[in-house]
Each structure stands twice: as C-alpha cells, then as structure tokens.
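Understanding the architecture of this molecule
Spelled out, the chains give:
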Amino acid sequence: MKTEVYDTIVVGGGASGMLAAIFAAEAGCSVLVLEQKDRLCKKIYATGNGKCNFTNRDWKASYFRGNDSSLAEPVLRSFSLFDTLEFFKRIGIYPKERNGYYYPNSEQAASVAESLGREAGRLHVQCLTGIRVKNVIKKKDGNFIAETENGSYTGKSMVLATGGKASPVHGSDGSGYFFAKSFGHTIIPPLPAIVQLKADEKFFKTLSGVRTDGAITLHIGKESYTEEGELLFAAYGLSGIPVMQVSRYASVALAQKKTVTAELDLFRALSVEDLTEEIVRRFRYMKKNTAEEALGGLCNHKLNYVLLQKCNMEPTKPAGMYEKREAAQLAGKLKHFTVKITGTNGFEQAQACTGGVPLTELTESMESKLIPGLYITGELADIDGTCGGYNLQWAWSSGAAAGRKIGGTYASHTTIKNRN
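What you see is a predicted model, and the numbers here were worked out from it, not measured in a lab.

**Side note on the state of the cysteines**
Taken as a whole, this structure holds zero disulfides when the rule is applied. There is no disulfide at Cys 29, and the cysteine sulfur nearest it, in Cys 127, is 15 Å away. Lacking any disulfide linkage, Cys 353 is separated from the closest cysteine sulfur, that of Cys 387, by 14 Å. Look at Cys 353 and you get buried, because its relative accessible area is 1%.

**What about the environment of Ile 371?**
Its place among the elements puts Ile 371 in the loop between strand S19 (352–356) and strand S20 (374–376). Between the C-alpha atom of Ile 371 and that of Ala 61, which follows or precedes it by 310 residues, the distance is 28 Å.

**A short note on the sheet that holds strand S3 (residues 55–56)**
Read from one edge to the other, the open sheet built from three strands follows the order S3-S6-S5, with strand pairing classed as antiparallel. The two strands at the open ends of the sheet, each matched to only one other strand, are S3 and strand S5 (95–98).

**Some words on the packing of helix H9 (residues 272–285) against helix H12 (residues 324–335)**
Where H9 meets H12, the axes come as close as 8 Å, and the angle between the chain directions of the two elements is 130°. When the axis of H9 is compared with that of H12, the two are oblique. In the crossing of H9 with H12, the sense of the turn from one axis to the other is right-handed. When H9 is examined against H12, the residues Val 272, Leu 275, Thr 276, Glu 277, Ile 279, Val 280 and Phe 283 are found in contact with a partner set consisting of Lys 324, Ala 327, Ala 328, Leu 330, Ala 331, Gly 332, Leu 334 and Lys 335. Of the residues contributing to the contact of H9 with H12, the split by class is 10 nonpolar, two polar and three charged.

Cut-offs used in this document
Residues numbered from 1 in each chain as written. Predicted model: local features only at pLDDT ≥ 70, side-chain atom pairs only at ≥ 80, totals over all residues. Heavy atoms only, no water. Disulfide = S-S within 2.5 Å. Buried < 20%, exposed > 50% of the residue type's maximum accessible area, 1.4 Å probe, protein only. Helix = DSSP H or I, 4+ residues; strand = E, 2+ residues; numbered from the N terminus. Pairing = 2+ DSSP bridges. Axes fitted to C-alpha atoms, helices over the stretch in contact; angles between N-to-C directions. Parallel < 35°, antiparallel > 145°, perpendicular 65-115°, else oblique. Left-handed = near helix turned anticlockwise from the far one by under 90°. Contact = heavy atoms within 4.5 Å. Nonpolar A, V, L, I, M, F, W, Y, C, P; charged D, E, K, R; others polar.

Below you can see the structure in the form of structure tokens.
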C-alpha cells in the first residue's frame, strides 16, 4: 500500500482526465494520474486525422446529445470556447481556424497531447503510465483507493476519466462503466456513435469507394434527422461526416429493435423537375449512345450504373429508347435513394459512444450525487457530441469543472508548491 495520500487520483490520462488534473494542481492540490496505456492522451494523437480539431466556433446545445443533454449546458458554459482557446494558447497551442473548426497551428495532434503533458509536469502532477486500475473503492474514512497490479494508491477524491468504449485500441475499454456501477451509478448502455452505417443491399459492393456531395435523412418512425455534405459508399454501407453525424440515432433505434431507413439526396444542385429535364436532354442529344454513356459526367459512373439497374433500365441499351417517364424515374431515385439500415460498425471504428452515467446523477461540477468526492468526466458521462471538435470540448469542459471543484475543496488543506 502506497503511504502517500493524494488530494485526488485521476483514473485515465486522456483529454478530460488531464484537464481535471491540471486545474486541480493549478489550485495547489497534489494529483496522481493513472493511465493504462504507454503514454498520456493516446486518443488525442489520432483525432482529426492527426491534426486534432480541438473545438469549434459554432456552438449549439443541440450538438451535444444524451438522455439529459440540457444538463450539459451549464458545464459547457463554465469552460467555454473562449476559455478553451485561452487555456491552450497559455500552454503553447496557437489556434488556427478553418471554417469554424479550431486546430493547433502546427496541424499536429501531438502538439496538443504533448502540451497537456508538459503543463501537468510544470504543475508537479504525478503521471504514471502503463498502470491498469483493477478496482476502485471508497473507504469508511472517506478516502478512495485505486487498486492496480503495481499496488494501491490513496486519494481524498477520485476522478473517473477512463473514456467510454469507442476506439478501445487507444484505451477506452469500458472499464469506467464497471467502476461507476460499483459506486452505485446507473449505466445507460453504451452504443457506437460517430460511426459508419451498415446496409445489406448487394449494390454497395459495386459502389464501394464512391464519394458524392449529398444529404442523408434518417427516418425512425415519425422522427427524422438530416445532415448534408460528402457521402461515402462502402462495401458494408454508408460513411462520410453526414452519415456519422446521424449515426447515434440509428444506434439507439436499432438497439430498440426499431426500423431505420436512410434516404439519400445524391444531387442537391437540382430539383427533381430540373434533374428530369437534364436527363431527358441527355437521352435525346445522345440517343445513339448507351444510357450509361448518356449519364456520363452527371454522377460517378458506378452510381449511374446502379441507378439504371435500380430503375429496371438496361445500361447498355440506346439512350434514345428512353423517354421522360424513365428520366423522371431516374431523377426521383437520385433525389430519394432509400436504403434500410441494418446496423452500425463496432466500437473499434466509432469515434464516440452514446450512454454512460446519466447527468441527473452528477452535479454541474461533475461530482457524483451518490458518492461525495467522486467525479465522472468526459465520455464516461452520458453526453456525445457531433463531429467538429464537440466531443473534445465536452472533455475539456467536464474535466475543467471537476478539477476546479477539487481545487476549491482540497487546495486550502494542501501546501501550494512553487510551480515557476
């Protein structure tokens, strides 16, 4: 048993855990971070295709989702976009904005991860990597114990910042749900979010690799969710940012055994009527060419082929044999290409996950209402953001909220160290 009693033990050295550690230490607390991977912030290195989109200028409460997502707003406002930018500038990250998305000017996710590590070091946070926590308990004296294969560690408070289940290769293995549940917390079953959607139609193998500007509308009963942008066809189904934005609704609905349908608009530039006229013009002008050739340049050739087959039209027959009726059918299919969604890819491909500890069981400082001194941050709480830096913003805000509260609670009992 380690004899030192820390003001707080942070289980998980990712985004929210490091913010909690830094803010607690900044107030003068003694802090221990236990990270099971071989380095801190491992998931951050992979974010934004290695560039780390760490927050976004466009802020709406609707970008943060969960069963009680409105309760996230005070947390997010307590450490806002402005606070995030100022914090990272202070620790060395000069922000670069691109269409509202903020990246480090270095365009290297490693810069963000390393700056957090440096700041933790400057504040004398003790960070142990390669340490897997097996169990957590609260003793009768009020202290928390983190049991590991390397011994046990004691803290006056504890932050569970283990992440959810998304991208387990980077450390989010779901252990935090077990820990939170052991303290009596409810766990809303986690599901993949910001993930690709599966569909069974055979033509997806033909379309694999095709990218096109479009829109997806997910239909679930009377509810519908629409996103626009670049759609990507894959052998298993659909990908691309718009698809991943609506994927969490598909995950939840499919888990509830509901029918999920995706309606794709594959030609946003024209209405059905104008698109019909364009196809009619092509069929008449290139009447001796094949129907597939007549559609050349309108859409990707693989998509043209599949569309013709879906409309029971022979791609190799002369375009001149088809009239306005067939053109209208093709236009309708392009504007309303409908597929049944049968599943999602797994946590290995997901960038986030739904579910976790309900915010109704946590205060605005992310402290447990059940266990005083226990804090639950980041993806372990029931909030998932959309693409664009929102999941990281939730990590920063929830971690900062916990760290500040810990600092205010324990710093007065701690000798503040010289950090200069």
